[in-house]
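# Fold and contact review
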Amino acid sequence: MSLARVAGSDRLRLFCALQLPDSTVGPVRRWQERELHSGRIVPPENLHFTLAFLGFQAAADVGAIGAALRDAAGEAGGLRLVCRGYRETRSVGMLVFDDESGRAGALAGRLHGALEELGLYRREARAWLPHLTVLRFRERPRLEPRPPELGEIVPSDAAVFISRLRPGGAQYEILESVPLGGR
C-alpha cells in the first residue's frame, strides 16, 4: 500500500490502526465469504484494528498524529490477539478479540493520552475493544456465525490512515506506517 499525499490546508478524515499481518487477511476473507450472507463485506484491504478514530482533522496535524503513534508504538512489542467471537452493533458486524497480555490495550491507552494532550482526540467512555469490522449493514442481520480459527494474530505495524468516503464504501490510504516495539 503506498503512502497518500495531502496538502497542508486539507481537512482529512483520519484514524490510527494496527495493520493485519498478510497471513491473517486471507483466512478472514475466506471466512467472510463463507459465513456472512447479508450486508456489505468489508474488503480485505480495509481490515484493521482501530486504535483511535480522529474524525476530520487538519492536514497540518498529521505530523503530530504520526509522532504520537510512533511514540506509543515504540513501547508496543509482542502484541498478541486471539479471536473470541462475532458480535453485531446497529450497523456493523465484527470479530472481537482477547488481548490477554493487555499490551494492545496499553498501546491504545498511550496513544489516546498523547492525542488528547494535542487536543485532537476525546477518549470514549467505554474501554478500547480490539475488533475487526468485517461487515456493514443497514438492517441488523442477526447472524451467529462460528468465528474463524485464526490462532494468535501478531500485528507488526500501526498506521495513520485517511478514510475517504465513496459511494461504494470507504477507501483507506496510509499516511504513515510505524513498526511496533521500536523495530
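## Some remarks on the overall build of the protein chain
- The secondary structure content of the protein chain amounts to three helices and nine strands.
- Its C-alpha radius of gyration of 16 Å places the protein chain within 12% of the 16 Å reference for a compact globule of 183 residues.
- Along the first, second and third principal axes, the C-alpha set of the protein chain runs to 40 × 40 × 35 Å.
- Considering only contacts within the protein chain whose residues lie at least 6 apart along the sequence, 78% involve residues at least 24 apart.
- Looking at the protein chain as shown, the accessible area adds up to about 9700 Å², and 45% of this sits on carbon and sulfur atoms.
- Taken together, the 25 basic and 22 acidic charged side chains of the protein chain have centroids lying 4 Å from each other.

## Thoughts on helix 3 (residues 103–117)
- Taking 1.5 Å per residue, 15 residues should reach 21 Å; helix 3 reaches 21 Å between its end C-alpha atoms and fits that length.
- Turning to helix 3, its buried residues number three or more, namely Ala104, Leu107, Ala108, Leu111, His112, Gly113 and Leu115.
- Residues of helix 3 that are buried in the fold lie against strand 1 (11–19), strand 3 (48–58), helix 2 (62–74) and strand 4 (81–88).

## Notes on the pairing of strand 6 (residues 131–136)
- Counted residue by residue, strand 6 has five buried out of six residues, so it is predominantly covered.
- Sheet analysis places strand 2 (residues 40–41) next to strand 6, joined by two bridges and oriented antiparallel. When the bridges of strand 6 are listed, arginine 40 appears paired with arginine 136.

## Observations concerning the nonpolar core
- Membership of the largest hydrophobic core comes to 48 residues, with the highest contact counts inside it found for Leu18, Leu51, Phe97, Leu111 and Val134.
- Broken down by element, this core gets its largest block of residues, six residues, from helix 2.
- Apart from the residues within four sequence positions on either side, phenylalanine 97 is in contact with Phe49, Leu81, Val82, Cys83, Arg84, Pro130, His131, Leu132, Leu150 and Ile153.
- Judged by nonpolar contacts, the second largest core, of six residues, contains Phe15, Ala17, Ala159 and Tyr172.

## Brief notes about the pattern of salt bridges
- The final tally for this structure, using the stated rule, is 10 salt bridges.
- One salt bridge in this structure joins arginine 34 and glutamate 35, with 3.8 Å as the shortest N-O distance.
- In this structure, the salt-bridge partner of glutamate 152 is arginine 80, at a minimum N-O distance of 3.3 Å. Taken together, the positions of glutamate 152 in strand 7 (residues 152–153) and arginine 80 in the loop between helix 2 and strand 4 put the pair 72 residues apart, joining distant regions of the chain.
- When its relative accessible area of 39% is taken as the criterion, arginine 80 is described as partly exposed.

## Section: unusual backbone geometry
- For arginine 142, which is not a glycine, the phi torsion comes out positive at approximately 55 degrees.
- Mapped onto the elements of the fold, arginine 142 is located in the loop between strand 6 and strand 7.

## Thoughts on the packing of helix 2 against helix 3
- Contact geometry of helix 2 with helix 3 gives a least axis separation of 9 Å together with a crossing angle of 145 degrees. Remark: the crossing between helix 2 and helix 3 carries right-handed chirality. Counting all contacts with helix 2, which are made through Ile65, Ala68, Leu69, Ala72 and Ala73, the residues of helix 3 involved are Leu107, Arg110, Leu111, Ala114 and Leu115.
- Considering only residue class, the contact of helix 2 with helix 3 consists of nine nonpolar, no polar and one charged.

## A closer look at the packing of aromatic side chains
- Enumeration according to the criterion identifies five aromatic pairs in this entry.
- Taking the centre distance of 5.0 Å and the plane angle of 75 degrees together, the rings of phenylalanine 15 and tyrosine 172 count as edge-to-face. Placement of phenylalanine 15 in strand 1 and of tyrosine 172 in strand 9 (residues 171–179) is noted, with a sequence separation of 157 residues between them.
- A relative accessible area of 13% places tyrosine 172 in the buried class.
- Note on phenylalanine 161 and tyrosine 172: the rings are 6.5 Å apart at their centroids and 70 degrees apart in plane angle, and the pair reads as edge-to-face. With phenylalanine 161 in strand 8 (residues 157–164) and tyrosine 172 in strand 9, this pair connects stretches of sequence that are 11 residues apart. Tyrosine 172 shares its class with phenylalanine 161; the two are buried.

About the cut-offs
Residues numbered from 1 in each chain as written. Predicted model: local features only at pLDDT ≥ 70, side-chain atom pairs only at ≥ 80, totals over all residues. Heavy atoms only, no water. Helix = DSSP H or I, 4+ residues; strand = E, 2+ residues; numbered from the N terminus. Rg over C-alpha atoms; globule rule 2.2 N^0.38 Å. Contact = heavy atoms within 4.5 Å. Areas by Shrake-Rupley, 256 points an atom, 1.4 Å probe, with all protein chains shown as cover. Lys, Arg positive; Asp, Glu negative; His and termini not counted. Charge placed at Lys NZ, Arg CZ, Asp CG, Glu CD. Expected span 1.5 Å × (residues − 1). Buried < 20%, exposed > 50% of the residue type's maximum accessible area, 1.4 Å probe, protein only. Pairing = 2+ DSSP bridges. Core = buried A, V, L, I, M, F, W, Y, C linked by side-chain atoms within 4.5 Å. Salt bridge = Lys/Arg side-chain N within 4 Å of Asp/Glu carboxyl O. Axes fitted to C-alpha atoms, helices over the stretch in contact; angles between N-to-C directions. Left-handed = near helix turned anticlockwise from the far one by under 90°. Nonpolar A, V, L, I, M, F, W, Y, C, P; charged D, E, K, R; others polar. Phe/Tyr/Trp six-rings, centres within 6.5 Å; stacked < 30°, edge-to-face > 60°.

That's the geometry; what it means functionally is another story.
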